[in-house]
Amino acid sequence: MSFYIRASLLAVALIASAPAFAQDDDDWLFEEEEEETPSERPSDDEGDLEDEPDENDESWMNEFEGEGEELDFGEDEFEEDRDVSVRGEGEDNAQIYRDQMDRVENLLPDEEALSWERYMKKYPNSVFKARIDARLTDLEGEMYGERIASPGGSAEDAGKVEMYFAQPLLLENIDPITKLRVGFEWGFPEYINLITDYEHQIFRELSVHVGARNRYSSWSIETGARYSLIKSARTRTWLTAIGDVRISTNPIYPAIRPQLAFGQRLDLGSTGWLDIQLQGGSDLAFVKDANTGDSLFDPRVVGGANITFVPAPTVRIYMETSTTMKALAWDGGNSFRFNVLTFGLKIIGRQKSGDPQYEIGAGATAPYSTNYWGYHVGSITGDLNYYL
């Protein structure tokens, strides 16, 4: 009996103590959960958090300000090329190209073209070569009137523009154009030649002129025409027939001066260009015999060549030879001749449109082949051509 009583008491005691044990277990579980909350859990980046800037402190942004200014290109049309740098010999970059653009901004078409040619000679591997080639094509069209026809349209005839071929000093002009010319030749010991001439263009290939000058033998009044059978800006070629008539003043006699002239402009790239011309013909004089008064036919061979180098649009350097000969088949001896060489410089003044307004030339002349004739032993020359 007592055994059952003690067992019953022990069971009651155990039942009474169970809630206490359960409470202790629950408290331990809750304590573990509180330690695992994000606010109390230690961070793996605890050291980095100590360096995190205050949201009200803007000084940490200063290190990025310089970089932001470099990336701000604004409206730069060369923004796409800002990352281009010099990569090797003969190459440029965006800054060099921009400086060149600034230099040519206000130049005339031929001056700009020459500047770009020199640029390409200095930077043959330019990364902007395609742009420069396109610009040179446009400039060539402006200078020589070349136009590419649009679909359904027609091309402008390149032959309808003026090219202002080099003007010789002692030879004849072969490029029909409207201009006024005055000049002189002063030779030692006593030769003087004053030149005045007005030429008027009827149409692009034809001009007429009238003037006066000293043709070695005597002063003469001259008139005539120049007609270009070929005057092409596309091929830069001239083929001109010259038909002049002159009246000698002392003694008085008429003469006809027919000539044929050829001219060609050669492009030398960044160096400039050459104007080359050849002309030749005759001075067919009808003089009177001093004893009988009969009219005698006295033909002379005339002509020469001119080479003009144009290193810049405002400068021309020339060398010229002119020939005067007669009695080439004379049985009595060598022919009469007086052949001279002339060289000098010309300065070009330009209009706002870019076309030449005037050119002033100066030079020196020396005989290199003479026989029977000796009009001077050397001379200085100069002239002014004013385009109207």
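Structure: see above.
Residue numbering note: each chain is counted from 1, following its sequence as written. Since the coordinates come from a predicted model, pLDDT governs what is reported: local features require at least 70, and pairs of side-chain atoms require 80 or more to be given and counted, while whole-chain, interface and lining totals use all residues. Heavy atoms throughout the structure, all of them, feed into the side-chain values; hydrogens and water do not.

## Thoughts on the overall build of the chain
Numbering goes from the N terminus for both helices and strands, where a helix is a DSSP run of H or I of at least four residues and a strand is a run of E of at least two. Within the chain, the regular secondary structure consists of six helices and twelve strands. When the 388 residues of the chain are sorted by exposure, 38% land in the buried category. Contacts are assigned to residue pairs with any non-hydrogen atoms lying within 4.5 Å of each other. Taking the contacts inside the chain whose residues are at least 6 apart along the sequence as the reference set, 52% of them involve residues at least 24 apart. Accessible surface for the chain amounts to roughly 23000 Å². Of this, 57% is attributable to carbon and sulfur atoms. A 1.4 Å probe rolled over the protein chains alone gives each residue an accessible area, and that area as a share of the maximum for its type sets the label: buried under 20%, exposed over 50%, partly exposed in between. The method behind every accessible area is Shrake-Rupley, applied with a 1.4 Å probe, and residues are considered shielded solely by the protein chains displayed.

## Observations concerning helix 4 (residues 94–104)
The complete set of buried residues in helix 4 reads A94, Y97, Q100 and V104. Buried residues of helix 4 fall within an arc of 125 degrees about the axis and therefore sit on the same side. We call two N or O atoms a polar contact when they sit within 3.5 Å, provided that within protein one can donate a hydrogen and the other can accept it, with sequence-adjacent residues counted only if both atoms are side-chain atoms. For helix 4, the side-chain oxygen to backbone nitrogen distance between the N-cap and Q95 is 3.2 Å, and the N-cap itself is N93. The reported arc concerns the directions from the helix axis to the C-beta atoms and nothing else.

## With respect to the pattern of salt bridges
A pair is scored as a salt bridge if a Lys or Arg side-chain nitrogen falls within 4 Å of a carboxyl oxygen belonging to Asp or Glu. What the rule picks out here adds up to 19 salt bridges. Note that D175 is salt-bridged to K231, the shortest N-O span being 2.9 Å. In this pair, D175 sits in the loop between helix 6 (129–144) and strand 1 (179–187) while K231 sits in strand 4 (residues 219–232), placing the two residues 56 residues apart along the sequence. In this structure, R300 and D298 form a salt bridge, with 2.8 Å as the shortest nitrogen-oxygen distance. Among the residues examined, D298 registers a relative accessible area of 14% and is labelled buried. Connected via shared salt-bridge partners are E172, R215, E222, R226, D244, R246, R257 and D283.

## Observations concerning the sheet that holds strand 6 (residues 252–267)
Pairing between sheet strands relies on hydrogen bonds along the backbone, with the strands arranged either parallel or antiparallel. Here, any two strands with at least 2 DSSP bridges between them count as paired. Pairing within the closed barrel is antiparallel, and its twelve strands lie in the order 1-2-3-4-5-6-7-8-9-10-11-12. Going from strand to strand, the sheet's axes swing by 20 degrees on average, the running direction of each strand aside. In the sheet, strand 4 pairs with strand 5 (residues 237–249) via twelve bridges, with the strands oriented antiparallel. Within strand 5, the residue paired with E222 across the bridge is R246. What counts as an axis is a line fitted to C-alpha atoms, over the stretch in contact for a helix, and the angles between N-to-C directions run from 0 to 180 degrees.

## Here we look at the environment of M325
With respect to the element layout, M325 can be found in strand 9 (residues 315–326). In contact with M325, other than residues within four places in its own chain, are R300, V301, F336, R337, N339 and W373.

## What about the packing of aromatic side chains?
Within 6.5 Å between ring centres, the rings of Phe, Tyr and Trp (the latter by its six-membered ring) count as paired, and their orientation is classed by plane angle as stacked under 30 degrees, edge-to-face over 60, tilted in between. Counted under the stated rule, the structure contains 14 aromatic pairs. Each ring, one from Y119 and one from Y123, has its centre 5.0 Å from the other, and the planes form 50 degrees; the classification is tilted. Using a relative accessible area of 4% as the deciding quantity, one classes Y119 as buried. Considering the side-chain rings of F338 and Y375, the 5.2 Å spacing of their centres and the 90 degrees angle between planes classify their relative orientation as edge-to-face. With F338 in strand 10 (residues 336–350) and Y375 in the loop between strand 11 (356–371) and strand 12 (379–387), this residue pair connects regions lying 37 residues apart in the sequence. For F338, a relative accessible area of 1% gives the class buried. For Y375, a relative accessible area of 22% gives the class partly exposed. The structure contains a cluster of three or more aromatic residues connected by ring pairs, namely Y191, Y216, F336, F338, Y372, W373 and Y375. Directly above the aromatic system of Y318 lies the positively charged group of K346, at a separation of 6.0 Å from the ring centroid. Criterion for a charge above a ring: Arg CZ or Lys NZ at most 6 Å from the ring centre, at most 35 degrees from the ring normal.

## Focus on the nonpolar core
Side-chain atoms within 4.5 Å link the members of a nonpolar core, which is a set of buried Ala, Val, Leu, Ile, Met, Phe, Trp, Tyr and Cys residues. Formed by A94, Y97, V104, A113, W116, Y119, M120, Y123, F128, I132, L136 and L139, the largest nonpolar core amounts to twelve residues. The element best represented in this core is helix 5 (residues 109–122), accounting for four residues. Of all hydrophobic cores here, the second largest spans eight residues; its members include M163, I174, A233 and A261.

## Describing unusual backbone geometry
The omega torsion of the bond from F188 to P189 falls at 15 degrees, within 30 degrees of zero and hence cis. Summarising the element assignment, P189 is placed in the loop between strand 1 and strand 2 (191–203). Even without glycine at this site, Y164 takes up a positive phi of about 55 degrees. Secondary-structure assignment places Y164 in the loop between helix 6 and strand 1. You will see that A327, though not glycine, has its phi angle at about 55 degrees, which is positive. Tracing the backbone through its elements, the reader meets A327 in the loop between strand 9 and strand 10.

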